[in-house]
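Given next are the chains, with one letter for each unit.
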Amino acid sequence: MTARRYPLEISSLLRFERQAIAAAVNLLEDRRPEYQEQARTLLDNLAPLPALAHVVGITGPPGVGKSSLISRLIALALQTGKRLGVVAVDPSSKVSGGALLGDRGRMHVPPRAPIFVRSFAARDRLGGLSREAFSAVFLLRHLCDVVLVETVGVGQSETDIAHVADTVVLVVQPFSGDLLQFIKAGVMEVPDILVVNKADDAALARKAVAEVTAALSLERQSWARPVLAVSATTNLHIDALDAAIAAHYHDLRTANVLDARRAKQMTEWAVSEVRYELGRVGLAALGGSAGVQALWTHQPGAWGALRRLAAVLSRVEYRVAGEM
Amino acid sequence: MKKDVPWVMRTYSGHSTAQASNELYRLNLRKGQTGLSVAFDLPTQTGYDSDHPLARGEVGKVGVPVCHIGDMEMLFAGIPLGQTNTSMTINATAAWLLALYIATAERQGVDPKVLQGTTQNDILKEYLSRGTYIFPPEPSLRLISDTITYTVAHVPKWNPVNVCSYHLQEAGATPVQEIAYALCSAIAILDTVRTSGRLSAGEFAEAVGRISFFVNSGIRFIEEICKLRAFGQLWDELTRDRYGVTDPKLRRFRYGVQVNSLGLTEAQPENNIPRIVLEALGVTLSKNARCRAMQLPAWNEALGLPRPWDQQWSLRIQQILAYETDILEYDDIFDGSRVIEEKTDEIKRAAWAEVERVMELGGVIAALDYIKERLVASHTERVRRINSGEQVVVGVNKFTETAPSPLYTGDSSVILKVDEAAERDQIARLHAFRAARNQAEVTVALAALRDAAVSGANIMPASIRCAHAGVTTGEWSQTLREVFGEFRAPTGIGGVAVARGAEGPIAAQLEALRARVRRIADTLGRPLKVLIGKPGLDGHSNGAEQIAVWCRDAGMEVVYEGIRLTPEQIVTSARDEGVHLIGLSILSGSHLRLVPAILAGLKGEGLDHIPVVVGGIIPEDDAEQLRHAGVARVYTPKDFEMVRILSDMVDVAEAAAAHL
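Residues numbered from 1 in each chain as written. Chains lettered and ligands numbered in written order. Predicted model: local features only at pLDDT ≥ 70, side-chain atom pairs only at ≥ 80, totals over all residues.

Asker: Help me understand the overall build of chain A in this model?
Answerer: A tally of regular secondary structure across chain A gives 12 helices and 8 strands. Across its three principal axes, chain A shows a C-alpha extent of roughly 70 × 45 × 45 Å. Here chain A holds 324 residues, and 47% of them are scored as buried. In chain A, 70% of the contacts between residues at least 6 apart in sequence involve partners at least 24 apart. (Helix = DSSP H or I, 4+ residues; strand = E, 2+ residues; numbered from the N terminus. Buried ≥ 20, exposed ≤ 12 C-beta atoms within 10 Å, placed from the backbone. Contact = placed C-beta atoms within 7 Å.)

Put into structure tokens, the structure is as follows:
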């Protein structure tokens, strides 16, 4: 089968044409070699363009109301005319490999508004972000004003979100016993903002906030991490959450840490892709993490080069196999 | 011994327009029906006027459209409401339809104090299975509480709430689950009434006495008899112990019934008649657990909408039971039976344990996700048992050989066709009504309704005023939507797996299908991703849920967003999600409007290469039209083998991918 070219032009993507965005995400997901090459070219073409979006990660255990919260944040962002990207991740079944992607159903997505929502199965990443979801976030960063990323937090995979998000929001519900789990797993270091959802009962909410604040005091960080009690169901204090998210982004920029954070994320992503394509030996040959960082910062077309290298390597492997 | 009085005999009916339905009701009464049972169309049930975009294709399909008092007056023209017992299957908008009914009675010169009948008015099972909810749980319970406190004082013979276990069984509930979750719903309702503080202790006991139930009766009719005996005993104990009702009369378990539709088959549909008869026996044989009212489905329900003659055949079953047999002549024939008593106790114990589990979770509202998951799991188990042959369905998975049927040859001549002009007529009459009414009165009445909604005053007086002023169903609902907000119920499919516990041939077939789905990912470049969509207002989500669960267990990535989606939303999801196949489920009969709208939308987005399959109650002529319009496959109730359907869907996705 010959590689059918996706109808992809950077200009269509930048105009937020959602057919084109969908096609670009399909391409980034495609594992066939000929499409991988097109995907890498797309990434190279995007690389020099500014990535203006604020990437907000929303994570937390199942059933705490992350999607409903995102639905409220979507409504607020759309009011101000922002372009929105949403990446929602659901776990895959270990037995069947299948997945039910149901988050979208809990979000109100007006068909004609400037919003693109894509659901991903976590595949082999537990509740975290698959390779494909990662690259989708990096694509949407160039096309949107805000990108919301929802992942299921099951104790460890929260850390995945820190590799793509500028701001990480951890959502819990009152007295679920999840906090202890998080503290044990060291997860409490990750979030920039903590949210107690389903806080309709003021007294219960105060207790829960106190509990979360106590858990936080065990950690030390420069940014004074806010703990907010909200209710997605009754739209309680969602505006405060929205403001806190914006304040964190502002803080990142004025403190000049945003660029460093993103450069680090970029390197981490590139390193993991190099390892995926070339393995440990290939990564070492490129000079390890520092080498990859230098290549991806200074050499245009690094993604394409990686793909070509992988193609060469696969032929080498073939020959070696033939000799044995 | 004095012969027992027969139950109220009804037929659930209504279609096209108020005028057409009125003619049908008068015909039914002439045939010996002793009460009316009004079926409303989906726009009326979900609070939209007939000219709302979401109502397109749904007007007059599964029931009668009632947009305003003019429609209500026409519906009951020539039927004296003072001497009629009317059951209205209406839930989210129950307070409104009751207000229209009361206003209509007033215009007929009938004192509301003598009105007899029932509003279904049970929102919890709408969240769990039937799907015609609008508002979130809290304001919904408040509306129910308002109708109860109002009718106790002003319409004392009315049954304001018919707590439904019927739809739970249709959604797959076991007898134990049916009793348990219905009792939990009743508790949520009565607790709300009690907390409202509007009723004195005496009035509250009266209100408890006005709560009736609407149950289901399946083919295992001995177990059903025991279920109803257990139900009655538990209700008696609950109302005594939790609510302190001392008068045994007010603790009596009063129920109406519609027998099981879930078990009716499309294959050899004549077999449904004996099924219906046996199910009717289950709710009439035991005097102590006998129904107060009954409606029976028609033999051809799995084929499409029944005609008046089909419904007549079912009414005759009731009449033969009541007037030809001797069942009404004896005391309870099961009293003293050890076997019946043991089974009854067993069900009672298990049901009460489940009630306690739900109460531990914080009651029925807090436990919605849990209950929904339990129901989907039960239904998945049922489908698995039928697929594996463990549960015999005659003519479907056993004894399928048949002589040619003189009754049904596979065409669409044996079902009712709703006149497509009915929707146009209805909308024209709505526009004329709006133009003729006093707009100033409407504005004032709606403002008063909003005030009542915000202040917490009883919603009924303001609603009755709205009815007289000429407010429409859409306006009443929209006003409350603005105050209360809207709700989306859980889909319940997250935690359910077919594979769990599946053994033998089904497990092996599923494993083979998984291997195939994995292989196809190589051809497609990524895992097979499907969208299961429920367009339109139809809330019957059993089929969509089962397909979604089975697809996931076959290894597919499944996007499922729940019920009530517009064609545009489905097209948007298909585009953004990059799916390889779209599966649509429609049971309301509006497939000929909704499916072409989705196909056109896909074409508009340049997505017409994505294949579409459709499942539902779709007559063969319509299926042919859909295939002609570009639908790849149409599945109907006779396609019960899940692995075969899934495998067929994979074929379709694979063929479409090969053309890219």
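Asker: Is there a simple way to explain the overall build of chain B in this structure?
Answerer: Along its length, chain B carries 24 helices and 15 strands. Here the C-alpha radius of gyration of chain B, 24 Å, is about what a compact globule of 660 residues would show, namely 26 Å. Residues classed as buried in chain B amount to 55% of the 660 residues present. A sequence separation of at least 24 residues applies to 79% of the contacts in chain B between residues at least 6 apart. (Rg over C-alpha atoms; globule rule 2.2 N^0.38 Å.)

Asker: Whenever I open this one, the sheet that holds strand β10 (residues 293–295) of chain B confuses me. Can you help?
Answerer: For sheets, the rule is that strands pair by backbone hydrogen bonds, running either parallel or antiparallel. Residue and element names in this part refer to chain B. One open sheet accounts for 5 strands, arranged β1-β10-β9-β8-β7; its pairing is parallel. Sheet topology places β1 (8–10) and β7 (162–164) at the edges, where each strand pairs with a single neighbour. The sheet shows a mean angle of 20° between the axes of neighbouring strands, taken without regard to direction. Relative to β10, strand β9 (residues 255–258) runs parallel, the two being bridged by 3 bridges. The partner of Gln 258 across the bridge, within β10, is Gln 295. (Pairing = 2+ DSSP bridges. Axes fitted to C-alpha atoms, helices over the stretch in contact; angles between N-to-C directions.)

Asker: How should the nonpolar core be read in this particular structure?
Answerer: Among soluble globular proteins, nonpolar side chains are generally buried collectively. By size, the foremost hydrophobic cluster in this structure holds 275 residues, and its most contacted members are Val 87 and Val 137 of chain A together with Ala 99 and Val 558 of chain B. The leading source of residues in this core is helix α8 (residues 175–196) of chain B, at 12 residues. Every residue in contact with Val 87 of chain A, bar those within four places of it in the chain, is listed here: Arg 118, Phe 120, Ala 133, Ala 136, Val 137, Leu 140, Val 147 and Val 149 of chain A. Ranked by size, the runner-up nonpolar core spans 5 residues in total, among them Tyr 48, Val 59, Val 418 and Ala 422 of chain B. (Core = buried A, V, L, I, M, F, W, Y, C linked by C-beta atoms within 7 Å.)

Asker: Just to check I follow, could you spell out the environment of Ala 232 of chain A for this structure?
Answerer: All names here are of chain A. Residue position: Ala 232 is located in the loop between β8 (227–229) and α9 (238–254). Accessibility expressed as a C-beta count within 10 Å gives 24 for Ala 232, which makes it buried. Spatially, the C-alpha atom of Ala 232 lies 8.6 Å from that of Lys 66, the residues being 166 residues apart in sequence. Filtering out sequence-adjacent residues up to four positions away, Ala 232 remains in contact with Gly 65, Ser 68, Leu 69, Arg 72 and Asn 197.

Asker: Even after reading the chapter, I still don't get the interface of chain A and chain B, so can you show me in this structure?
Answerer: Often, the extent of an interface is quoted as the loss of accessible area on bringing the components together. Listed per partner, the contact involves 32 residues of chain A and 35 residues of chain B. For the side of chain A that touches chain B, the secondary-structure elements that each account for two or more residues are α2 (18–29), β3 (99–101) and β4 (115–121) of chain A. Here the side of chain A that touches chain B takes 6 residues from α2 of chain A, the largest share from any one element. Residues of the side of chain A that touches chain B, tallied by class, amount to 12 nonpolar, 11 polar and 9 charged. (Nonpolar A, V, L, I, M, F, W, Y, C, P; charged D, E, K, R; others polar.)

Asker: Just to check I follow, could you spell out the domain arrangement of chain B for this structure?
Answerer: Looking at chain B, the domain boundaries give domain 1 (8–366) and domain 2 (504–658). Within the side of domain 1 of chain B that touches domain 2 of chain B, the residues separate by chemical class into 9 nonpolar, 6 polar and 5 charged. (Domains from an automatic or database assignment.)

Asker: What am I meant to see in the domain arrangement of chain A here?
Answerer: All names here are of chain A. Domain boundaries assigned for chain A yield domain 1 (1–49), domain 2 (54–254) and domain 3 (257–324). On the side of domain 3, 7 residues touch domain 1, which itself brings 8 residues to the contact. Taken together, the residues of the side of domain 1 that touches domain 3 break down into 3 nonpolar, 2 polar and 3 charged.

Asker: Got a minute to help me understand the pairing of strand β2 (residues 84–90) of chain A in this structure?
Answerer: Looking along a regular strand, one sees side chains alternate from face to face of the sheet. Residues and elements named next belong to chain A. With 7 of its 7 residues buried, β2 lies for the most part within the structure. Because side chains alternate across β2, one face comprises the buried residues Leu 84, Val 86, Ala 88 and Asp 90, and the other comprises Gly 85, Val 87 and Val 89, equally buried. Across 7 bridges, the pairing between β2 and β4 is parallel. Each bridged residue has a counterpart across the sheet, and for Val 86 the counterpart in β4 is Val 117.

Asker: Would you mind going over the sheet that holds strand β6 (residues 167–172) of chain A with me for this structure?
Answerer: All names here are of chain A. Spatially, the 7 strands line up as an open sheet ordered β4-β2-β5-β1-β6-β7-β8, and their pairing is parallel. Single-partner strands in this sheet number two, and they are β4 and β8. Here the strands of the sheet are splayed against their neighbours by 20° on average, with no regard to which way each runs. This element, helix α5 (residues 131–140), spans β1 (54–60), β2, β4 and β5 (146–152) of the sheet and lies at about 170° to β2.

Asker: Is there a simple way to think about helix α21 (residues 567–577) of chain B in this case?
Answerer: An α-helical turn contains 3.6 residues, so any two residues separated by three or four positions project in the same direction. Judged by how many residues are buried, α21 of chain B sits mostly within the fold: 10 of 11 residues are covered. For α21 of chain B, the set of buried residues is Pro 567, Gln 569, Ile 570, Val 571, Thr 572, Ser 573, Ala 574, Arg 575, Asp 576 and Glu 577 of chain B. The inward-facing, buried residues of α21 of chain B abut α2 and β4 of chain A together with β11 (529–533), β12 (557–560), β13 (581–586) and α22 (591–604) of chain B. Two residues or fewer after α21 of chain B comes Gly 578 of chain B, characterised by a positive phi angle close to 60°.

Asker: Can you walk me through the packing of helix α19 (residues 504–524) of chain B against helix α24 (residues 642–658) of chain B in this structure?
Answerer: Two measures define how a pair of helices packs: the angle their axes make with one another and the distance between the axes. All names here are of chain B. It is at 11 Å that the axes of α19 and α24 come closest, and there the two elements cross at 10°. On the basis of the axis angle, α19 is roughly parallel to α24. For the pair formed by α19 and α24, the contact residues are Ile 506, Gln 509, Leu 510, Leu 513, Arg 516, Val 517, Ile 520, Thr 523 and Leu 524 on the first element and Val 643, Leu 646, Ser 647, Val 650, Glu 654 and Ala 657 on the second. Grouping the constituent residues of the contact of α19 with α24 by class yields 10 nonpolar, 3 polar and 2 charged. (Parallel < 35°, antiparallel > 145°, perpendicular 65-115°, else oblique.)

Asker: Sorry if this is basic, but what is going on with unusual backbone geometry here?
Answerer: Among all residues save glycine, negative phi is the norm, and among peptide bonds the norm is trans. Backbone geometry at Lys 198 of chain A places phi at a positive 60°, although glycine is not the residue there. Here Lys 198 of chain A is to be found in the loop between β7 (193–196) and α8 (202–216). Residues other than glycine seldom take positive phi values, yet Gln 268 of chain B does so here, at roughly 40°. Inspection of the secondary structure assignment puts Gln 268 of chain B in the loop between β9 and α11 (272–282).

Asker: Can you help me understand the pairing of β7 of chain A in this one?
Answerer: All names here are of chain A. Side chains of β7 alternate between two faces, with Ile 193 and Val 195 and Leu 194 and Val 196 buried alike. Here 4 bridges tie β6 to β7, and the two strands are oriented parallel to one another. Bridge pairing in β7 links Val 169 to Ile 193. Pairing between β7 and β8: 3 bridges, direction parallel. Bridge pairing in β8 links Leu 194 to Val 227.

Asker: Before we go on, may I ask you to explain the confidence of the model for chain B in this structure?
Answerer: Note that predicted coordinates carrying low pLDDT should not be read in detail. This prediction gives chain B a mean pLDDT of 94; 98% of its residues lie at or above 70. Taken together, the chains of this predicted complex give a pTM of 0.90 and an interface ipTM of 0.93. (pLDDT = per-residue confidence, 0-100.)

Asker: Where do I start with the environment of Lys 3 of chain B in this structure?
Answerer: Residues and elements named next belong to chain B. With respect to the helices and strands, Lys 3 occurs in the segment before β1. Between the C-alpha atom of Lys 3 and that of Asp 331, which follows or precedes it by 328 residues, the distance is 9.1 Å. Apart from the residues within four sequence positions on either side, Lys 3 is in contact with Leu 328 and Glu 329.

Asker: I keep staring at α24 of chain B and nothing clicks. Help me out?
Answerer: All names here are of chain B. The terminal C-alpha atoms of α24 lie 24 Å apart, and with 17 residues this matches the ideal 24 Å at 1.5 Å per residue to within 8%. Listed as buried for α24 are Met 642, Ile 645, Leu 646, Met 649, Val 650 and Ala 653. Each buried residue of α24 sits inside an arc of 140° when the element is viewed along its axis, so together they form one side. In α24, those exposed residues whose orientation departs by more than 90 degrees from the buried face are Ala 655 and Ala 658. Elements that come into contact with the buried residues of α24 comprise α14 (368–388), α19, α20 (542–553), β13, β14 (612–616) and β15 (633–635). (Expected span 1.5 Å × (residues − 1). Arc of directions from axis to C-beta.)

Asker: What should I look at first to understand the confidence of the model for chain A in this one?
Answerer: This prediction gives chain A a mean pLDDT of 87; 90% of its residues lie at or above 70. Mean pLDDT values for the elements of chain A range from 69 in helix α7 (residues 178–185) of chain A up to 97 in β4 of chain A.

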